[in-house]
Structure formats: C-alpha cells, structure tokens
Amino acid sequence: MQENFITGAEAVMRSLIQEGVDTIFGYPGGAIMPIYDALFDYTHIVNHILVRHEQGAIHAAQGYARASGKVGVCFATSGPGATNLITGLADAQIDSTPLVCISGQVASHLLGTDAFQETDVIGISMPITKWNLQVTDAKDIPDALARAFYIARSGRPGPVLIDITKDAQFGKLHYKYEKCTKIRSFSPVPSLNIQAIEEAAALINKAQKPYILVGQGVILSKAEKALLMFAEKTGIPVAATLLGLGAFPAHHPQYVGYLGMHGNYAPNVKTNECDVLIAIGMRFDDRVTGNINDYARQAKIIHIDIDKAEINKIIPVNVAIHADAKEALEALIDKIEIKNHTQWINEFNALKEKEYEVVIRSEINVKEGALKMAEVIHLLSEKTNGNAIIVTDVGQHQMVTSRYFKYNKRNGNITSGGLGTMGFALPAAIGAKIAKPNDTVIAIIGDGGFQMTMQELGTILQSDIAVKIIVLNNNFLGMVRQWQQLFFDKRYSFTDLVNPNFVAIAKAYNIESQKIERRQDLDTALENLLTHSQAYLLEVVVVKEENVFPMVPTGASVSEIRLN
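Residues numbered from 1 in each chain as written. Predicted model: local features only at pLDDT ≥ 70, side-chain atom pairs only at ≥ 80, totals over all residues. Heavy atoms only, no water.

*Asks:* Tell me about the packing of aromatic side chains, and name the residues and values.
*Replies:* Evaluation of the coordinates by the stated rule reveals 12 aromatic pairs. Considering the side-chain rings of tyrosine 150 and phenylalanine 186, the 6.0 Å spacing of their centres and the 90 degrees angle between planes classify their relative orientation as edge-to-face. Within this pair, whereas tyrosine 150 is found in helix H7 (residues 141-153), its partner phenylalanine 186 is found in the loop between strand E8 (172-174) and helix H9 (194-206), the two being separated by 36 residues in sequence. For tyrosine 150, a relative accessible area of 12% corresponds to the buried category. Judged by relative accessible area, which is 27%, phenylalanine 186 ranks as partly exposed. Ring centres 5.9 Å apart and planes at 80 degrees place the aromatic pair phenylalanine 284 and tyrosine 295 in the edge-to-face group. Linking phenylalanine 284 in the loop between strand E12 (276-280) and helix H13 (286-289) with tyrosine 295 in the loop between H13 and strand E13 (300-305), this pair joins segments that are 11 residues apart in sequence. The structure contains a cluster of three or more aromatic residues connected by ring pairs, namely Tyr211, Trp344 and Phe348. One Lys or Arg, lysine 544, reaches over the ring of phenylalanine 476 and ends 4.5 Å from the middle of that ring. (Phe/Tyr/Trp six-rings, centres within 6.5 Å; stacked < 30°, edge-to-face > 60°. Helix = DSSP H or I, 4+ residues; strand = E, 2+ residues; numbered from the N terminus. Buried < 20%, exposed > 50% of the residue type's maximum accessible area, 1.4 Å probe, protein only. Lys NZ or Arg CZ within 6 Å of the ring centre and 35° of its normal.)

Shown next, in the form of structure tokens:
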C-alpha cells in the first residue's frame, strides 16, 4: 500500500495515463508547477507539447481531439493562464469537442483573497463547459479525473475543466484509479424510441420531395456508413452543414452541397421546397436557417439529435428522435422503402448549374487579374484528391474552402464553427498533425487570423511538426470588409491591414516558406508545399476586395440567397 501513497500531482499523471492520454498541450506556471514536476518523470510515456500561449494549447487540444476522435488534454496555470483557455472552452462547447483541461490554482487557504494570479476560473467557465470542478484535496483527484473523461467523451461531447489547488497537488493520497462508466442522474445516451422511428419512417416513405441535412453529429457518432446506406436506400438528396462537411461523400450523386449563409445555392433554396426535412446531428444554427419565420414552413420536420436541448429549440419539429445518430439511422434503415428521387435531385442539379454559371465558373477558371481564393482551394482539392485534413480559420477563406474543397477524408474538416474563433487554425492544425502524423494536415488561414496566433510557429519549430500553412492574403479583414461594402456603404472602418513579411517571419522560425502573386506560379507552389517533408508556409496574395457568394443576407430567408 505504501508504494501507492503519492502526491496529488503524481496522481494527475497516473490518472491521465490510465485514460490512455498520449499527448498534452500546455504552458507551465507557478500554480501548476507540481504537476509539471511530476510530468518530468513521464515524458517517455506522454508527449508534452510546449505551446507559446495557453490559447494555443487549448486550440491544439481541440485539433487533436477532432482529428483523432479522442479526448484532447491541456494544462495551464492559474490566473491569466486559466483565463487564456476561456475562448477555447467556449469554442469546444459549442462545437461539441471533447476536452479535459487542467488548470493549477493558488493554495486553498488563499482562495477568495485576491492572491497573486488567483482568478475564479470555475465561475468564469461554468457557462461554457460541460462540467467543471475545483479540487482542494489530493484524495479527490483520481475520481475527479475519471468523471472528467467520462463526461467529456460521452453523449454529446464537450469540454471539462478541472481546477486543482497547489496544496492538493502537493498533498498525499493512497492512489487507486477506477474508470468512470456511469454517473447517477446523468444519462448521456438516450434510449431509442421505436414509435418515433416508425413515425419518421412513415413520413419518409410517403414523401415526394424529402431532404436530408447532416451535421457534425453524424461524424461524432461514427454514423457515416449508416447515413450512406440510409441515403442510398431512400434516394434522398443530402446536404451538409459547415461542421457536417465530410459526413457524406462529396462526389456522391445524391450529395447536393453545403448549407449556410455562404453555402451552395441549391441546398439553401430547396430547403423551402421540400415536403419532409430530415435533420441529423445538426442544431439549426442561424447561419443555416436564415430567418426562422420563413424556414421550411411547408415541410414535415424530423430531427435526430443526441442532445434533447437542441430538439424544438429553434425549429419546431413533427417527429423528435432523441437518440444517437448511428443508432437512429440503423433503426430507420429497416423500416424505410427503396425509393428513387431522381427528378427531385435533378431540380437541385439545375440550380447547381445556375450557380456554376453565375459564380463558380468565374472563380475557378480565371485567366487574368489577381489570384482568387477559390482557384487556390479548387486546385488544392484536386492535388490532394480531397484526402488531406484541412484546418480552416475564420473568415472569407473559411467559407471559400468549405465551398471548394471536396472533403473525402473522415475527420478531414476541422474548423471553428459555432464560435467563429479567429486564430483557431494554426494551433488546431498542430494538434491535428500530432494526432495524425502520417496524414497531410493543411492550415488555411487569412492574413488577419494568422496574426492572432502566429507565435505558435515557435511550437512548430521546437517540436518539429510538419504542418502545411497557406495564408490567403488580401490585406483586409475580408469578411468584415465584405459586410461593410454591402451593408455599410463601403465605409471600411479599420479593416484594412498593413501586414508584415510573413515569409521572413516563417524563415525566422526555420520554416521553409514562399510567397506568390502570379497565377502561373500557383501549381508549382502547391507542389512545393505538399511535397516538402517538414513544415511549410505558402503565402498567396489574392484579390484585395473579393466577395464570397452566394450569400444569405442577415434577416433574409434561405430561399432569398443572393448569387451576386
């Protein structure tokens, strides 16, 4: 028994190993120093990535979790270290990313005294975590971490924060670890309601113009194969939300495109023409619905979601299936009839042709003038066959990438969806590459977002992480500028950027880099990026005042989407 009499800090490390943790992203400081001291003896088991800012740590943990499907883990110290995690916690909460974040805290006798680097991180993070807990006694550490991992990964995933006081880290306990498999009154996976399945099947079987909308819930539940079987048996057209991209094969004849404010024309317009709408693992975000008063009012709506709070929250539904997406789809497959909706899909294809003629042709078949973002992403998609892990930041480049990259890889689309966090992509790509070292990981970033976390180039340097980086540089905060142009009379209030020499900065971090401005250099530049064995930064100067279309204006219906 004596050999298991250990410190709380040691208990943290042993518990993480029991949960299968192989990578931690973090930044040391005074209040978490005992845990870092314990980590020193486990570096042969656990890979610690020293970031340059705690926001970089949590975004990297997000990228790791999204690429691997495992729980991401990060460390931060108290006070500013812990508060620097807040943006990432909010991002992970809204995008359902499983994280366990461990913050150090001042000694328990100092709590509430405004001690040096003391912040009430539990109070601050409560609205943006799935669960949080402050530990003040070493003996409570194993149980806290066991519950943290169970809660983070079960049901609808999300972030958990465990705040551990310094005296709890130094304190001693008789260590015993038991993985958590259930918590009283917490039922993360609901029981499937067969009556609801039968009601849904009856609607689907009678439908003349049914329509499937898929979100990230399909990916999180590993329901891609079930979705494919369901779609092919019914013959129903399928569209994806931003975070649902990759859940259904991009080249499948039933795939009709990307939903949302800057999504494809057909899937937005046809939302208001379908007679049965089947929403799977998506939450009817405002960027998808537009004006909710005019959203799919003609349709019977079936909503499948593991989170009961999302059902009837925004759009009233006719059949609510509170269930895991995979389980629900597998149950539906047995009850649906084989159908063919070719004529209905052809209506989508006609609008797809219209979008191609009005928008796409001029964006990817450019002969003169400055490079366009779309032609860069289109060529990148072709060169990778859609098989890279693409990590996008937030802005115009994010929307263009979502439109023009044909995702064919599971967990190949990593982006900040619900929160829209600029600065997300670079650290998230670091985490994704560590999770999937044999995959090509490409961060696509605007010049504005890149400068929010570009200090993480130091993380790439120190840990030798072979991330590919494309900076699409228009010397503007492009998305804000587009809105200023369209809705604020071209009053470009503080969106014009004077940028540094990105190539020189990358080279200062020993990262091979290149800048191009000419169309004839694009093919070779992308080849250089993709074939280089280590990290590589490619800066592409693109049209300075380019707008992303189609676009659903704020307050408009999805059927009022503009092509120009």
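There's plenty left to go through after this.
*Asks:* I'd like a description of the layout of surface pockets, backed by residues and values.
*Replies:* Space inside the second largest pocket adds up to approximately 620 Å³. Listed by contribution, the elements that provide at least two residues to the lining of the second largest pocket are strand E11 (255-258), helix H15 (342-364), helix H16 (373-384) and helix H17 (396-404). Sort the elements by how many residues they give to the lining of the second largest pocket and H15 lands first, with 7 residues. Taken together, the residues that form the lining of the second largest pocket break down as 13 nonpolar, 11 polar and 6 charged. (1 Å grid on protein atoms, 1.4 Å probe; cavity = no way out; pocket = protein on both sides within 12 Å on 5 of 7 lines; lining within 4 Å. Points joined across faces, edges and corners; volume = space filled by probe spheres on them. Nonpolar A, V, L, I, M, F, W, Y, C, P; charged D, E, K, R; others polar.)

*Asks:* Hey, could you go over the state of the cysteines for me, with residue numbers and the actual values?
*Replies:* Note: disulfide means a covalent bond formed between the sulfur atoms of two cysteine side chains. Enumeration according to the criterion identifies 0 disulfides in this entry. Not engaged in a disulfide, the cysteine cysteine 101 finds its nearest cysteine sulfur in cysteine 74; these two sulfurs lie 3.4 Å apart. (Disulfide = S-S within 2.5 Å.)

*Asks:* Quick rundown of the packing of H9 against helix H14 (residues 325-333)? Include the residues and the values.
*Replies:* Running from N to C, H9 and H14 cross one another at 60 degrees; their axes reach a closest spacing of 10 Å. Relative to H14, the element H9 is oriented oblique. Between H9 and H14 lies a crossing whose hand is right-handed. For the pair H9 and H14, the contacting residues are Ile197, Ala200, Ala201 and Ile204 in the first and Ala328, Ala331 and Leu332 in the second. When its residues are assigned to classes, the contact of H9 with H14 shows 7 nonpolar, no polar and no charged. (Axes fitted to C-alpha atoms, helices over the stretch in contact; angles between N-to-C directions. Parallel < 35°, antiparallel > 145°, perpendicular 65-115°, else oblique. Left-handed = near helix turned anticlockwise from the far one by under 90°. Contact = heavy atoms within 4.5 Å.)

*Asks:* Talk me through the sheet that holds strand E7 (residues 159-165); I want residue IDs and the actual numbers.
*Replies:* The parallel open sheet is built from 6 strands, whose spatial order is E3-E2-E4-E5-E7-E6. On the outer flanks of this sheet lie strand E3 (47-50) and strand E6 (131-135), each paired with one strand and no other. Adjacent strand axes in the sheet meet at a mean angle of 20 degrees when their direction is disregarded. Two strands pair when backbone bridges link them, and strand E2 (residues 23-26) and E3 are joined in this way by 4 bridges, in the parallel orientation. Directly across from glycine 26, in E3, lies its bridge partner leucine 50. Strands in contact with helix H1 (residues 8-18) are E2, strand E4 (72-76), strand E5 (99-105) and E7; relative to E4, the strand with the most contacts, it is inclined by about 165 degrees. (Pairing = 2+ DSSP bridges.)

*Asks:* Please give an account of the sheet that holds strand E18 (residues 468-473) that cites residues and values.
*Replies:* Spatially, the 6 strands line up as an open sheet ordered E16-E15-E17-E18-E20-E19, and their pairing is parallel. Here the strands that pair on one side only, and so sit at the sheet edges, are strand E16 (413-415) and strand E19 (512-516). Averaged over all pairs of adjacent strands, the angle between strand axes in this sheet comes to 15 degrees, irrespective of strand direction. Direction of pairing for strand E15 (residues 389-392) relative to strand E17 (residues 441-446): parallel, over a ladder of 4 bridges. Its bridge partner being in E17, valine 391 is matched across the sheet by alanine 443. The strands touched by H17 are E15, E16, E17 and E18; relative to E17, the strand with the most contacts, the crossing angle is about 135 degrees.

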